[in-house]
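Listed below are the residues making up each chain.
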Amino acid sequence: MLRDWSDVYSVGIPEIDEQHQGFFAASHRLYEQILDRDAKQGVQEALAFMRHYADSHFQAEEAFMRQHDYPALKAHQALHAAFFARLDALAEDLATFGPSPDLADRALDLTQDWLVEHIADEDVLYALHARSQTADA
Ligand SMILES: [Fe+2]
C-alpha cells in the first residue's frame, strides 16, 4: 500500500526528514514504474534513481553518525548494505522476469516499508543519541 509521508516519521532533524521524504518519493516512483506496462525504460531509470538516492542519503546519515560519535555506526552501516543487497536482487529479478504486480509489491515492501521500519527502529536511535549529546553540552 502506498503511504503518504507523515510527521510521525520525523526524526526531528530537518535535513534527514527531507531526505526521507525524497526516499519515499523515489520509492513510489519505482513502484509506479514497475506497474506501468509501457514503461520498460522507466523501470531502469527509477531503479537507478532509487539506488543513487539511497546511496547519497545513507552517506549523509553515516556522516552525521560519525560526527556525533554514534556507537552503533557499524551495525547501522550493515543495515544500509543489506538494503543494497536486496535492491540488487530485485533488479536482477526485474531483468529476468520483467515487471509484474508481484515485483511492484516487492519493490514497495523493500523501499517504502523498509524505510518506515528503518526510521522507527534505527534512525530514531542516532537522532536520540545526537540530541542527548547536545543536551549534555
Ligand atoms: Fe539509516
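As the structure is a computational prediction, the values presented were derived from the model and not from experiment.

Trainee: Outline the pattern of salt bridges, supporting the account with residue identities and numerical values.
Mentor: If charged atoms from side chains of opposite charge come close, those side chains can pair. Scanning the model with the defined rule gives four salt bridges in all. A salt bridge links R86 to D109; its shortest N-O distance comes to 3.8 Å. Here R86 is found in helix α3 (residues 73-97), whereas its partner D109 is found in helix α4 (residues 101-136), with 23 residues between them in sequence. The class of R86 is partly exposed, set by a relative accessible area of 41%.

Trainee: How would you explain the confidence of the model for the chain if you had to name every residue and give the values?
Mentor: Of all residues in the chain, 99% attain a pLDDT of 70 or more, and the chain-wide mean is 94. When mean pLDDT is compared element by element in the chain, α3 scores highest at 97, while α4 scores lowest at 93.

Trainee: An account of the coordination of the iron ion is requested, with residue identities and associated values reported.
Mentor: Of the protein atoms, only E61 (OE), H76 (NE2), H80 (NE2), H118 (NE2) and D123 (OD) coordinate the iron ion, at distances of 2.1 to 2.5 Å. In terms of primary sequence, the donors binding the iron ion are separated according to E-x14-H-x3-H-x37-H-x4-D. Taking the relative accessible area as the measure of exposure, H118 reaches 4% and is therefore buried. On the basis of relative accessibility, which here comes to 0%, the residue D123 falls in the buried class.

Trainee: Give a description of α3 that names residues and reports values.
Mentor: Look at α3: 36 Å from first C-alpha to last across 25 residues, which is about the 36 Å you get at 1.5 Å a residue. Along α3, the residues that are buried comprise L73, H76, H80, F83, F84, L87, L90, A91 and L94. In the stretch just after α3, G98 is the one whose phi turns positive, near 80°.

Trainee: Describe in detail the side chain of H28, supporting the description with residues and values.
Mentor: Structurally, H28 can be placed in helix α1 (residues 14-35). Residue H28 is classed as buried on the basis of its relative accessible area of 15%. Among all residues touching H28, those that are not within four sequence positions of it are L2, R3, L108 and Q112.

Trainee: If you had to explain the packing of α1 against helix α2 (residues 40-67) to someone new, which residues and values would you point to?
Mentor: Remark: α1 packs on α2, axes separated minimally by 9 Å, with the N-to-C direction vectors making an angle of 160°. On the basis of the axis angle, α1 is roughly antiparallel to α2. For the crossing formed where α1 meets α2, the hand is left-handed. Here the contact of α1 with α2 is built from residues that sort into 14 nonpolar, seven polar and four charged.

Trainee: An account of the environment of F24 is requested, with residue identities and associated values reported.
Mentor: The residue F24 is located in helix α1 in this model. Placed 84 residues apart in sequence, F24 and L108 show a C-alpha to C-alpha distance of 9.7 Å. Contact partners of F24, with chain neighbours within four places excluded, come to R3, D4, W5, Y9, Q112, L115 and V116.

Trainee: Outline the packing of α2 against α3, listing residues and values.
Mentor: Interhelical geometry of α2 versus α3 gives an angle of 175° and a closest axis separation of 11 Å. By the criterion of interaxial angle, the relationship of α2 to α3 is roughly antiparallel. For the pair α2 and α3, the contacting residues are V43, L47, M50, R51, A54, D55, F58, E61, E62, M65 and R66 in the first and L73, H76, Q77, H80, F83, F84, L87, D88, A91 and L94 in the second. Taken together, the residues of the contact of α2 with α3 break down into 12 nonpolar, three polar and six charged.

What counts and what doesn't
- Residues numbered from 1 in each chain as written.
- Predicted model: local features only at pLDDT ≥ 70, side-chain atom pairs only at ≥ 80, totals over all residues.
- Heavy atoms only, no water.
- Salt bridge = Lys/Arg side-chain N within 4 Å of Asp/Glu carboxyl O.
- Helix = DSSP H or I, 4+ residues; strand = E, 2+ residues; numbered from the N terminus.
- Buried < 20%, exposed > 50% of the residue type's maximum accessible area, 1.4 Å probe, protein only.
- pLDDT = per-residue confidence, 0-100.
- Donors = N, O, S within 2.8 Å, 3.2 Å for Na, K, Ca; no water.
- Expected span 1.5 Å × (residues − 1).
- Contact = heavy atoms within 4.5 Å.
- Axes fitted to C-alpha atoms, helices over the stretch in contact; angles between N-to-C directions.
- Parallel < 35°, antiparallel > 145°, perpendicular 65-115°, else oblique.
- Left-handed = near helix turned anticlockwise from the far one by under 90°.
- Nonpolar A, V, L, I, M, F, W, Y, C, P; charged D, E, K, R; others polar.

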